[in-house]
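For reference, the chains in residue letters:
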Amino acid sequence: MNYLLLSDLHSNWEALQAVLRDSQGEYDRILSCGDLVGYGPEPNRTLNWARENVDIVVRGNHDRACCGLEDLEWFNPLARAATQWTIEKLTHQNLDYLRDLPRGPVLVEDFLLVHGSPLDEDEYIASMADASNVFPYLEAGVTFFGHTHMQGGFMWMNGEQYPVSGPSAREAIDERFLDPDYAWLINPGSVGQPRDGDPRAAYSLYDSEKRVLQLRRVAYDTEAVGASMVEAGLPPALGARLNFGR
Ligand code: ZN
């Protein structure tokens, strides 16, 4: 089975469209590591599409916050403002959809989908040290996670740990075989708000039969999305950061 893996879309419809054009015809099912909404200007359009097209989504912290399942006091002021803006805009159908999203981990074939980590949906796996706290709980196999907005991840081989990086700024695709003897923690990347210094939308394709993973990037018009966020009344800083991938 060929999967399109999307994480941290954050209501960025333009970025999602770029990803769907770039990956057209290359997958059978769509999976998401959560945070469909929050930050971006098109929450209803994004959720209407997700309800129709995404096979499995594990909920993210912004998905919980935007449907009232999470206290906003943990959010920074910009995230809180965008969350309140989103709550006011969402249709009842989309609020219900967010409330019903499952908490990770969700097992798909022989791999896991989580938002934060397999141990805690809100935990960040951002560093080698974070990953080393998680690997002892995983035997082998593949876990796809989101939350950090940083594409790539970590692999665990015979007690040693190594980073996995996505394509460089001059490349669009990094392809690798996920050896079943090792454990893999892979972030497919953030579609709608990358924070790894590359402003291009990030996503992945995974062929579960051949165990081949592609980490991919595709450019879109970040300035146009930033302008539409200002027009929508969202904090301008949230649009500006899209241009830098930070
Ligand atoms: Zn997120």
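Look up a bit, the structure's there.
From a predicted model like this one, the values you see are computed outputs, not experimental measurements.

What counts, and where the lines are drawn
Residues numbered from 1 in each chain as written. Predicted model: local features only at pLDDT ≥ 70, side-chain atom pairs only at ≥ 80, totals over all residues. Heavy atoms only, no water. Salt bridge = Lys/Arg side-chain N within 4 Å of Asp/Glu carboxyl O. Helix = DSSP H or I, 4+ residues; strand = E, 2+ residues; numbered from the N terminus. Buried < 20%, exposed > 50% of the residue type's maximum accessible area, 1.4 Å probe, protein only. Pairing = 2+ DSSP bridges. Contact = heavy atoms within 4.5 Å. Axes fitted to C-alpha atoms, helices over the stretch in contact; angles between N-to-C directions. Donors = N, O, S within 2.8 Å, 3.2 Å for Na, K, Ca; no water. Tetrahedral: all angles 85-135°; square planar, octahedral: opposite > 155°, others 65-115°. Nonpolar A, V, L, I, M, F, W, Y, C, P; charged D, E, K, R; others polar.

### Examining the pattern of salt bridges
What the rule picks out here adds up to 15 salt bridges. Across the salt bridge formed by Asp 196 and Arg 217, the nearest N and O atoms sit 2.9 Å from each other. Placement of the pair is Asp 196 in the loop between strand 10 (183-187) and strand 11 (201-207) and Arg 217 in strand 12 (residues 212-218), with a sequence separation of 21 residues. Given a relative accessible area of 26%, Asp 196 falls into the partly exposed group. Taking the shortest distance from any N to any O, the salt bridge between Arg 217 and Asp 198 comes out at 3.7 Å. With a gap of 19 residues between them, Arg 217 in strand 12 and Asp 198 in the loop between strand 10 and strand 11 connect regions that are remote in the sequence. The same class applies to Arg 217 as to Asp 198, namely buried. Where salt bridges share partners, they join Arg 59, Arg 64, Glu 70, Arg 103, Glu 121 and Asp 122 into one cluster.

### Some points on the sheet that holds strand 11
Either a parallel or an antiparallel arrangement is found when strands of a sheet pair, and the pairing is made through backbone hydrogen bonds. With mixed pairing, six strands are arranged side by side in an open sheet as 3-2-1-11-12-9. Sheet topology places strand 3 (56-57) and strand 9 (173-177) at the edges, where each strand pairs with a single neighbour. Taken together, the five bridges between strand 9 and strand 12 define a ladder with antiparallel strand orientation. From the neighbouring strand, Arg 176 faces strand 12, where its bridge partner is Leu 213. Against the sheet, helix 1 (residues 13-22) engages strand 1 (2-6), strand 11 and strand 12, with an angle of about 130 degrees to strand 12.

### Observations regarding the coordination of the zinc ion
Those protein atoms acting as donors to the zinc ion are Asp 8 (OD), His 10 (NE2), Asp 35 (OD) and His 149 (NE2), and they sit at 2.1 to 2.3 Å. Given four donor atoms and angles of 85 to 175 degrees at the metal, the environment of the zinc ion is assigned as irregular. Read N to C, the donor residues that coordinate the zinc ion are spaced as D-x1-H-x24-D-x113-H. Both residues of the pair, Asp 8 and His 10, count as buried.

### Section: the packing of helix 1 against helix 2 (residues 43-53)
The contact between helix 1 and helix 2 brings their axes to 9 Å, and the two run at 35 degrees. Here helix 1 contributes Trp 13, Leu 16 and Leu 20 to the contact with helix 2, which in turn contributes Arg 45, Thr 46 and Trp 49. Classifying every residue of the contact of helix 1 with helix 2 by side-chain character gives four nonpolar, one polar and one charged.

Note that all results are geometric; they support no functional claim without further evidence.
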